[in-house]
Every structure is written in C-alpha cells, then in structure tokens.
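Descriptive analysis of the structure
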Amino acid sequence: MEWCMSMPKIELHAHLNGSIRDSTVLELARELGEEGAIVFSDVEHVILKNDRALNEVFKLFDLIHIITTDHKTVTRITKEVIEDFAADNVVYLELRTTPKRNHSKGMSKRSYMEAVLEGIRSVNSVEVDLSGKLNTDASTRSHFVDDLCNGTGNKKIYVRVLLSIDRRETAEAAMETVELAIKLKDFGVVGIDLSGNPNVGQWLTFLPALECAKKQGLPITLHCGEVPNPVEIRAMLDFLPKRIGHACCFEDEEWKLLQRLNIPVEICLTSNIRTETIASADVHHFADLYKSNHPLILCTDDCGVFSTSLSAEYALASSAFGLGKSEMYQLAQKAIEFIFASERVKEDLKTIFASALTKLN
Ligand code: 5GP
C-alpha cells in the first residue's frame, strides 16, 4: 500500500537493537566469526529464522548484544536505524535502548549512551532534530517544518530517546539508568521504558527507580501484560504510566481498569503475531480498543528482528481491520498527543500532518 509509505508517521515503540538491519547483523557476525570470537555457522540460522516464540526472541537479543556491544558498532547501528525510519516517512521517532556496561570494551552505561547520541548526530543523509535545539532558532525551525510539509530539501526527522530498564537488572542498576536519563534530559532523552523478558524479574525491584523518574518529571512507558500476570498488570496500571506497550494478556478486569484510566497502548501487531503471543491479526485486541476509541498507537517494536516497518504495520492494520486511508491518517495523527517530547514539537507535528492531509486525496 503505497499511501501507507507516503503518509507521515510517528513511531513510539522501537527498540534500537531490535531495529538493526539483518544485513548489518550478518556482516558483524561474519566479522566476529573471522576473528574467532563466535562460530558464524552456529549463529547464521538463528539470525535468519523468521518465527520465534517470545522466549526465543530474548535468546536472539542476547546474540545481537554480543555482536553489537562496542561503541563504534552502537554508533553505526543507531545511525542506520534512524536512516531507515526516515526513509519510511517516520517524522517523529522515539527510539528506546537499554544502556549497557561491557567491561571488556571499556563501556559504561554513560559511554554506551554517548555512542547512541553520537550515532544520532552522525546521520547525514537525513536532517535530525534531537534535543529540541532547533526550537531556539525560529527561522531554522520553520524551515525544518516547511521542508517536512513540502517534501523539499533533505529528509527530516525528529528523534528522541527513551532509556530502557531491562527486567534482568537489579534495583541499583535500574536507578543508575534513571539517573543517567535525568542527566541526559537536555540531549534528547525524554523518558523511561521497562522492558526485557517478562518472565524474569519482579515489578517491586524496579518500582523505586520508576518512582524516582516520575518525581523528576520523566514520562514512563511499561511493557505490560505480554504474559498472563494479573497481579503485575494491576500494579503497573495503578502506577499510572503515561503509556503501556502490548497489553496482550489482559482479562476483563484489567481491560476495564485500562479503559477507566485511559492509558494509551503501543500496539505492535507483527511482533505479537510472530512471537505467538496473539494467534493472528483478526483476533488482536487492536480491534476492540479501536472500536471503543481507546488511545492507541501503531508501532514496530523490533523492525529488524520481525522484518517489518511502520508502513507495513499500517498496511496490516488497514487490511486486517478494514480501515481506509482517512482512518489510518487519523490514527497516525492522533499519536501526536502521546509523544514524550515538548509541546513545541507537538505543534510542529500538527502542522506537518495538516499539510499531509491536503495531499492525501
Ligand atoms: P536494546 O535495549 O538492546 O536497544 O534493544 C533490545 C532489547 O529490548 C531486548 O534485549 C529486550 O530487553 C528489549 N525488547 C525488545 N523487544 C521486546 C519485546 O517485544 N518485549 C520486551 N519485553 N522487551 C523487548
């Protein structure tokens, strides 16, 4: 569907290391194989396998982390991921990643994040607004928005970063991530995510760090209800996150609470289907949430791992739920309300979407 591609889109749930190009993962794995650090033939089929249950996906992430965890590679993949989202007409991207330590490479959580930010700054095929610095200069800002509206000049994209806490981490490591996010607020970091294998870790371990983030005004999104765990789902909803991701394994009581609290849901159709969390698109909870006008945002999750793109997710939703161009445009535009960046960025995005509407028909 050509129009899904050409329409401006907002991506709010994309994991950096899940969004790496297949070709890059294979190239890096081959290099490590040549150095003798891994056996390439052992990992090649794991990388190329298409359908993985949720637990297998986390095994793949461990492999990707072995392949990608040095500063230079982190910078390279960040750059490529942004170029790919921009090529798909994503105009605002909230990219999330787990700051990692790797003593053998001299990497701290801070230096990992510096490598990510360096990757964002090093994008040159696309113009990037990071950290709102363009907003200080009215004329630069208005050119940026005009070009996005008219499709003139270089492609442009707003990029903001969420720092993820991995459920394998300790309370101290989670707090370290939140403290880092606070320090990087002026450098494009706009919020916190809780992710990682949902069968690992306890909600109470992460609560102090998440409460600290909240007190400091950092918005929070939680992976919630990827596996059946009513006690945790309830505790997460009671915490009042700004958004949640997935919401696949909710029972009636949890749906009612979610709807009463009106918490926006980041929906990742292909990811949920590929990991067999949801049997198929036609039984996905997107349909009920959409019908009841619950706030939701279509997202990719891990476009590399699941071989998808945001356009492909829009095309899938359009065909699975019988939604036309105009409904899909409205869905894309509505996401503006749920971004974690400033009101000024929201205003810019409203202008960009209004301009796109005139070209839609
Ligand atoms: P990274 O944080 O390393 O940039 O991106 C990969 C990480 O994101 C994974 O190791 C995992 O912690 C998290 N992640 C990616 N996809 C999913 C998902 O579908 N569910 C959950 N819970 N975590 C995910």
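Provided above is the structure to which this section pertains.
In this report, we go over the structure that sits alongside the text. (Residues numbered from 1 in each chain as written. Predicted model: local features only at pLDDT ≥ 70, side-chain atom pairs only at ≥ 80, totals over all residues. Heavy atoms only, no water.)

Remarks on the side chain of His284
Within the secondary structure layout, His284 lies in the loop between helix 12 (269-274) and helix 13 (286-291). A polar contact is formed between the side chain of His284 and the side chain of Asn272, at a distance of 2.9 Å. Reaching out from His284, the side chain makes a polar contact with the backbone nitrogen of Phe286 at a distance of 2.9 Å. Excluding residues that lie within four positions of it along the chain, His284 makes contacts with Ile267, Leu269, Asn272, Ile278 and Phe321. (Helix = DSSP H or I, 4+ residues; strand = E, 2+ residues; numbered from the N terminus. Polar contact = N/O pair within 3.5 Å; in protein donor to acceptor, adjacent residues only side chain to side chain. Contact = heavy atoms within 4.5 Å.)

Structural notes on helix 8 (residues 171-183)
Given a rise of 1.5 Å per residue, 13 residues ought to cover 18 Å, and the 19 Å separating the end C-alpha atoms of helix 8 matches this to within 8%. Regarding helix 8, the residues found buried are Ala173, Ala174, Thr177, Val178, Leu180 and Ala181. Along the long axis of helix 8, the arc covered by the buried residues comes to 160°, so they all point the same way. Exposed and facing more than 90 degrees away from the buried side of helix 8 are Glu172 and Lys183. (Expected span 1.5 Å × (residues − 1). Buried < 20%, exposed > 50% of the residue type's maximum accessible area, 1.4 Å probe, protein only. Arc of directions from axis to C-beta.)

Quick word on the packing of helix 10 (residues 230-238) against helix 11 (residues 252-261)
For any two helices packed against each other, the geometry comes down to the angle between their axes and how far apart the axes lie. For the pair helix 10 and helix 11, interaxial distance at closest approach is 11 Å and the crossing angle is 10°. Between helix 10 and helix 11, the angle falls in the class roughly parallel. Taken together, the residues of helix 11 that come into contact with helix 10 (itself represented by Pro230, Ile233, Arg234, Leu237 and Asp238) are Glu254, Leu257, Leu258 and Leu261. A class-by-class count of the residues in the contact of helix 10 with helix 11 yields six nonpolar, no polar and three charged. (Axes fitted to C-alpha atoms, helices over the stretch in contact; angles between N-to-C directions. Parallel < 35°, antiparallel > 145°, perpendicular 65-115°, else oblique. Nonpolar A, V, L, I, M, F, W, Y, C, P; charged D, E, K, R; others polar.)

Observations regarding the site of the ligand
Taken together, 17 residues sit near the ligand, with Thr97, Thr98, Lys100, Glu226 and Asp302 positioned nearest. A distance of 2.6 Å separates an oxygen atom of the ligand from a polar side-chain atom of Thr97. Residue Asp301 places a side-chain N or O atom 2.8 Å away from an oxygen atom belonging to the ligand. For the ligand, whose free accessible area comes to 510 Å², the fraction covered by protein is 99%. With respect to the pocket detection grid, the ligand is positioned in the largest pocket. Of all the elements, helix 4 (residues 54-68) adds the most residues to the shell around the ligand, at three residues. Its residues assigned to classes, the shell around the ligand shows three nonpolar, nine polar and five charged. (Near = heavy atom within 4 Å. Areas by Shrake-Rupley, 256 points an atom, 1.4 Å probe, with all protein chains shown as cover. 1 Å grid on protein atoms, 1.4 Å probe; cavity = no way out; pocket = protein on both sides within 12 Å on 5 of 7 lines; lining within 4 Å. Sits in = over half its atoms within 2 Å of the grid points.)

Considerations on the pairing of strand 1 (residues 9-15)
Among the seven residues that make up strand 1, seven are buried, leaving the element largely enclosed by the rest of the structure. Sheet topology note: the strand 1/strand 2 (residues 90-97) ladder contains five bridges and is parallel. Bridge pairing in strand 2 places Ile10 opposite Tyr92. (Pairing = 2+ DSSP bridges.)

Some remarks on the pairing of strand 6 (residues 220-224)
Where burial is concerned, most of strand 6 is hidden: five out of the five residues are buried. Of the two faces of strand 6, the one holding Ile220, Leu222 and Cys224 and the one holding Thr221 and His223 are both buried throughout. Sheet analysis places strand 5 (residues 189-195) next to strand 6, joined by three bridges and oriented parallel. Among the inter-strand pairings, Asp193 is bridged to a residue of strand 6, identified as Thr221. The β-α-β motif built from strand 5, the intervening helix 9 (residues 203-215) and the parallel element strand 6 has right-handed crossover chirality. In this structure, strand 6 lies alongside strand 7 (residues 243-246), joined through four bridges in parallel fashion. (Right-handed = clockwise from strand over helix to strand, strands pointing away.)

Things to note about unusual backbone geometry
A negative phi angle is the norm for most residues apart from glycine, just as the trans form is the norm for most peptide bonds. Positive phi outside glycine occurs at His246, with the angle close to 80°. If you trace the backbone, His246 turns up in strand 7. His246 sits in the buried class, given a relative accessible area of 1%. Even without being a glycine, Asn262 presents a positive backbone phi close to 55°. Positionally, Asn262 belongs in the loop between helix 11 and strand 8 (265-267). Here Asn262 falls in the partly exposed class, since its relative accessible area comes to 46%.

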